[in-house]
Amino acid sequence: MSGMEDRGWQARANCMGVDPDLFFPSARVDPRSQRVCRGCVAREDCLEYALDNGEKFGIWGGMSERERRRLRRARAIERRAQAS
């Protein structure tokens, strides 16, 4: 199931009840948000949801926008290499 179809992971996430502004900073990434994600049982599902749905803002699965862009690029390169 894709992240759009199954969001049950959200109920298990460490960030439930935490101020959303912590995960959508206006400037620099707040390290507290990444600490909330560390050890979260839903971290991988959260990250995959963000990648599958093109989330461009905020901390998802413990990764910033920049980190997710790098991961998307690395995965695209890997897919191209496997296809050839």
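Residues numbered from 1 in each chain as written. Predicted model: local features only at pLDDT ≥ 70, side-chain atom pairs only at ≥ 80, totals over all residues. Heavy atoms only, no water.

Hey, could you go over the packing of helix H3 (residues 43-52) against helix H4 (residues 65-83) for me, with residue numbers and the actual values?
Running from N to C, H3 and H4 cross one another at 75°; their axes reach a closest spacing of 11 Å. Between H3 and H4, the angle is such that the two are roughly perpendicular. Along the contact surface, H3 presents Leu47, Glu48, Ala50 and Leu51, while H4 presents Arg68, Leu71, Arg72 and Arg75. (Axes fitted to C-alpha atoms, helices over the stretch in contact; angles between N-to-C directions. Helix = DSSP H or I, 4+ residues; strand = E, 2+ residues; numbered from the N terminus. Parallel < 35°, antiparallel > 145°, perpendicular 65-115°, else oblique. Contact = heavy atoms within 4.5 Å.)

I'd like a description of the environment of Cys37, backed by residues and values.
Within the secondary structure layout, Cys37 lies in helix H2 (residues 31-37). Owing to a relative accessible area of 10%, Cys37 belongs among the buried residues under this scheme. The spatial distance from the C-alpha of Cys37 to the C-alpha of Ala13 is 8.2 Å, given a sequence separation of 24 residues. Residues in contact with Cys37, not counting those within four places in the same chain, are Phe23, Arg43, Ile59, Gly61 and Gly62. (Buried < 20%, exposed > 50% of the residue type's maximum accessible area, 1.4 Å probe, protein only.)

Describe a positive patch on the surface, with residues and values.
A cluster of like positive charges, contributed by Arg66, Arg69, Arg70 and Arg73, occupies part of the molecular surface. Following the sequence through the fold, Arg73 ends up in helix H4. (Patch = residues over 30% accessible without salt bridge, like charges linked within 9 Å, V, L, I, M, F, W, Y side chains within 5 Å. Areas by Shrake-Rupley, 256 points an atom, 1.4 Å probe, with all protein chains shown as cover. Salt bridge = Lys/Arg side-chain N within 4 Å of Asp/Glu carboxyl O. Lys, Arg positive; Asp, Glu negative; His and termini not counted. Charge placed at Lys NZ, Arg CZ, Asp CG, Glu CD.)

I'd like to hear about H3, residue by residue, with values.
Taken together, the buried positions of H3 are occupied by Cys46, Leu47, Tyr49, Ala50 and Leu51. Check the buried side of H3 and you find it contacts helix H1 (9-12) and H4. Gly54 lies just past H3 and shows a positive phi near 65°.

Please set out the packing of aromatic side chains residue by residue, giving values where relevant.
All told, the structure shown has 3 aromatic pairs when counted by the stated rule. Their ring planes at 80° and their centres at 6.3 Å tell us that Phe24 and Trp60 sit as a pair that is edge-to-face. One end of the pair, Phe24, is in the loop between H1 and H2; the other, Trp60, is in the loop between H3 and H4, and 36 residues separate them in sequence. A relative accessible area of 44% means that Phe24 is categorised as partly exposed. For the ring pair Tyr49 and Trp60, a centre distance of 5.5 Å and an interplane angle of 35° mean the geometry is tilted. Pair noted here: Tyr49 is in helix H3 and Trp60 is in the loop between H3 and H4, with a separation of 11 residues, a long-range link. Since its relative accessible area comes to 7%, Tyr49 is described here as buried. Here a set of aromatic residues connected by ring pairs shows up, and it is made of Trp9, Phe24, Tyr49 and Trp60. (Phe/Tyr/Trp six-rings, centres within 6.5 Å; stacked < 30°, edge-to-face > 60°.)

Before we move on, can you summarise the confidence of the model for the protein chain with the specific residues and values?
Within the protein chain, residue pLDDT values average 89, and 94% of them lie at 70 or more. Per-element confidence in the protein chain is highest for H3, whose mean pLDDT is 96, and lowest for H2, whose mean pLDDT is 90. (pLDDT = per-residue confidence, 0-100.)

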